[in-house]
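Descriptive structure summary
The chain contents come next:
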Amino acid sequence: MDCGLGHSSKKSIRNRFQMAVMKGILVMVQVMACVGLQSEYYQTSCPNVQTIVRDAVRVAFQSDNTVAAALLRLHFHDCFVRGCDGSVLIDSSGRIKAEKDGPPNLSLHAFFVIDNAKAKLESACPATVSCADILALTARDAIILAGGPDWEVPLGRKDGKVSRAKDTTALPAPTFNISQLLQSFSQRGLSAHDLVALAGGHTLGFSHCSSFRNRIHNFSNTQEVDPSLHPTFAETLRKACPVGNTQKNAGALLDSTATRFDNQYYKNVVAGKGLFSSDAALYTDGGTKQLAHQYAASRLLFYRDFVKSMVKMSSIPGQGSEEVRLNCRKFN
Ligand code: HEM
């Protein structure tokens, strides 16, 4: 069965998709059926799973709204390394370094939200809800709280038994150009269309200087600053992250409305105010550029496509996922 439903270039599939979008939820059912996930997976085994997770996210968000960005990124980093299997949640033990301690993951946070949801779920329905599913649900709930779209989350993932820091080198880097980004996404069954839609996750959150330093100091032999950066934006970034900066928490917001899930990210990219080289890269390729323009012009189009691509990303099968962990930080 062809699971590349999201934004396939095949005409027949695209037509099928367009019809399905018109009919609302049908498309989600198709994608979920592809990998055996279904939104009612816990209907009898843990009927309150959605409420329990939503409450844990809400409580955390009310005291710190930056958890929304953190939860979305956690799910992305989980799915891009060994599939969506909760491997990002495992704590390192002794000399064995888990994904969490891989360089791109050192700035992940809000793990406590997953722990809190899991503790409540273990009381309500022991050994039933996987940590990988909790990650998928918290990402969706975080987006709703940040003002973004709602959707049915396919459920039924199992947790993986492997988590290695070295595997995190497979995550896309902020210095990636468009071909590297396309390759990274296609290796996971995600199209150029998915790349542009999912990059909209950068409508939320914050980045440390190290992730965009390449653009603002010593950019090339002849240019100090990346010429594709808007000049005043570049100046702001250079002030926030001067050469030799030693402040650990220095950095910049990913978007000028970084706590709201909107389409401002694309407006920024179009204006040369995308933060990373990888954000600006979307504007260097004919196809992705056109789509970035369309999302900048229509928040609703972005929402529609983002939801489709999230369902696709969050259905990347875990490699050797086989258990429901009792504690998301440890294998059983
Ligand atoms: C396209 C390739 C991508 C690259 C190269 C990339 C890279 C990065 C980097 C370097 C950071 C900042 C880390 C730091 O310095 O603290 C970041 C943050 C973030 N990313 Fe991405 N990312 C990508 C795709 C995505 C996707 C697909 C999503 C979600 C759908 C996402 C969601 C986020 C969020 C929400 C943050 C902010 C996290 C926070 O504030 O805690 N990213 N990303």
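Going by the structure above, here's the rest.
Residues numbered from 1 in each chain as written. Predicted model: local features only at pLDDT ≥ 70, side-chain atom pairs only at ≥ 80, totals over all residues. Heavy atoms only, no water.

In the vicinity of the ligand there are 25 residues, among which His-109, His-202, Phe-206, His-208 and Ser-211 approach most closely. Interatomic distance of 3.2 Å between a side-chain N/O atom of Ser-107 and an oxygen atom of the ligand. Ser-211 places a polar side-chain atom, nitrogen or oxygen, 2.8 Å from an oxygen atom of the ligand. At the level of elements, helix 4 (67-79), helix 7 (178-186), helix 8 (192-199) and strand 1 (206-208) are the ones that each hand at least two residues to the shell around the ligand. If one sorts the elements of the shell around the ligand by residue count, helix 4 sits on top with 5 residues. Classifying every residue of the shell around the ligand by side-chain character gives 15 nonpolar, 9 polar and 1 charged. (Near = heavy atom within 4 Å. Polar contact = N/O pair within 3.5 Å; in protein donor to acceptor, adjacent residues only side chain to side chain. Helix = DSSP H or I, 4+ residues; strand = E, 2+ residues; numbered from the N terminus. Nonpolar A, V, L, I, M, F, W, Y, C, P; charged D, E, K, R; others polar.)

Turning to helix 4, a few remarks are in order. Given a rise of 1.5 Å per residue, 13 residues ought to cover 18 Å, and the 18 Å separating the end C-alpha atoms of helix 4 matches this to within 8%. The element helix 4 is largely enclosed, with a buried count of 11 among its 13 residues. Here the buried face of helix 4 lies against helix 3 (49-63), helix 5 (111-124), helix 6 (131-145) and helix 14 (299-313). (Expected span 1.5 Å × (residues − 1). Buried < 20%, exposed > 50% of the residue type's maximum accessible area, 1.4 Å probe, protein only. Contact = heavy atoms within 4.5 Å.)

This part takes up the state of the cysteines. This model, assessed by the stated rule, comprises 4 disulfides. Between the sulfur atoms of Cys-209 and its disulfide mate Cys-241 the distance is 2.1 Å. Between Cys-209 and Cys-241, the disulfide has an S-S torsion of -80 degrees and is therefore left-handed. In this pair, Cys-209 is assigned in the loop between strand 1 and helix 9 (213-216) and Cys-241 in the loop between helix 10 (231-240) and strand 2 (251-253), connecting sequence segments 32 residues apart. With respect to burial, Cys-209 and Cys-241 carry one shared label: buried. In the protein, the bonded cysteines, numbered by position in the sequence, are linked as 1-4, 2-3, 5-8, 6-7. (Disulfide = S-S within 2.5 Å.)

Looking now at the side chain of Arg-82. With respect to the element layout, Arg-82 can be found in the loop between helix 4 and helix 5. Taking the relative accessible area as the measure of exposure, Arg-82 reaches 15% and is therefore buried. When sequence neighbours within four positions are dropped, the list of residues in contact with Arg-82 reads Ser-87, Glu-99, Val-162, Arg-164, Asp-167, Pro-317, Gly-318 and Gln-319.

Let us look at the packing of helix 4 against helix 14. How two helices pack is summed up by the angle between their axes together with the distance between the axes. At a closest axis distance of 10 Å, the pairing of helix 4 and helix 14 adopts a crossing angle of 45 degrees. In terms of orientation, helix 4 lies oblique with respect to helix 14. Counted together, Leu-72, His-75, Phe-76 and Cys-79 of helix 4 and Phe-306, Met-310 and Met-313 of helix 14 form the full contact between these two elements. (Axes fitted to C-alpha atoms, helices over the stretch in contact; angles between N-to-C directions. Parallel < 35°, antiparallel > 145°, perpendicular 65-115°, else oblique.)

Take the coordination of the iron atom of the ligand next. The reference angle at a metal is 109.5 degrees if four donors form a tetrahedron and 90 or 180 degrees if six donors form an octahedron. When only protein atoms are considered, the iron atom of the ligand has one donor, His-202 (NE2), at a distance of 2.1 Å. The residue His-202 is located in the loop between helix 8 and strand 1 in this model. (Donors = N, O, S within 2.8 Å, 3.2 Å for Na, K, Ca; no water.)

Right, let's talk about the pattern of salt bridges for a bit. Tallied over the entire structure, the rule returns 17 salt bridges. Between Asp-141 and Arg-140 there is a salt bridge whose closest N-O contact spans 2.7 Å. Under the relative-accessibility criterion, Asp-141 is labelled buried at 2%. For Asp-305, the salt bridge is made with Lys-308, and the minimal N-O distance between the two is 3.6 Å. Of this pair, Asp-305 and Lys-308 both sit in helix 14, 3 residues apart, which is roughly one turn of the helix. (Salt bridge = Lys/Arg side-chain N within 4 Å of Asp/Glu carboxyl O.)

Below, the discussion takes up the side chain of Ser-315. By the element assignment, Ser-315 lies in the segment after helix 14. A residue is classified by how much of its surface remains accessible, and Ser-315, at 8% relative accessible area, is buried. In terms of polar contacts, Ser-315 uses its side chain to reach the backbone carbonyl oxygen of Val-311, at 2.6 Å.

Residue position: Phe-261 is located in the loop between strand 2 and helix 11 (264-270). Beyond its immediate chain neighbours, meaning those up to four positions away, Phe-261 contacts Leu-72, Ile-143, Ala-146, Gly-147, Gly-148, Pro-149, Gly-200, Thr-203, Leu-204, Phe-302, Tyr-303 and Phe-306.

Under the definition given, this model contains 13 aromatic pairs. Seen from their ring centres, Tyr-266 and Tyr-295 are 5.0 Å apart, and the 65 degrees between their planes marks the pair as edge-to-face. Within this pair, whereas Tyr-266 is found in helix 11, its partner Tyr-295 is found in helix 13 (residues 286-297), the two being separated by 29 residues in sequence. Each member of the aromatic cluster is reached from another via a ring pair, and the members are Trp-151, Phe-261, Tyr-265, Tyr-266, Tyr-295, Phe-302, Tyr-303 and Phe-306. Sitting over the face of the ring of Phe-111, Lys-100 holds its NZ or CZ atom 4.5 Å from the ring centroid. (Phe/Tyr/Trp six-rings, centres within 6.5 Å; stacked < 30°, edge-to-face > 60°. Lys NZ or Arg CZ within 6 Å of the ring centre and 35° of its normal.)

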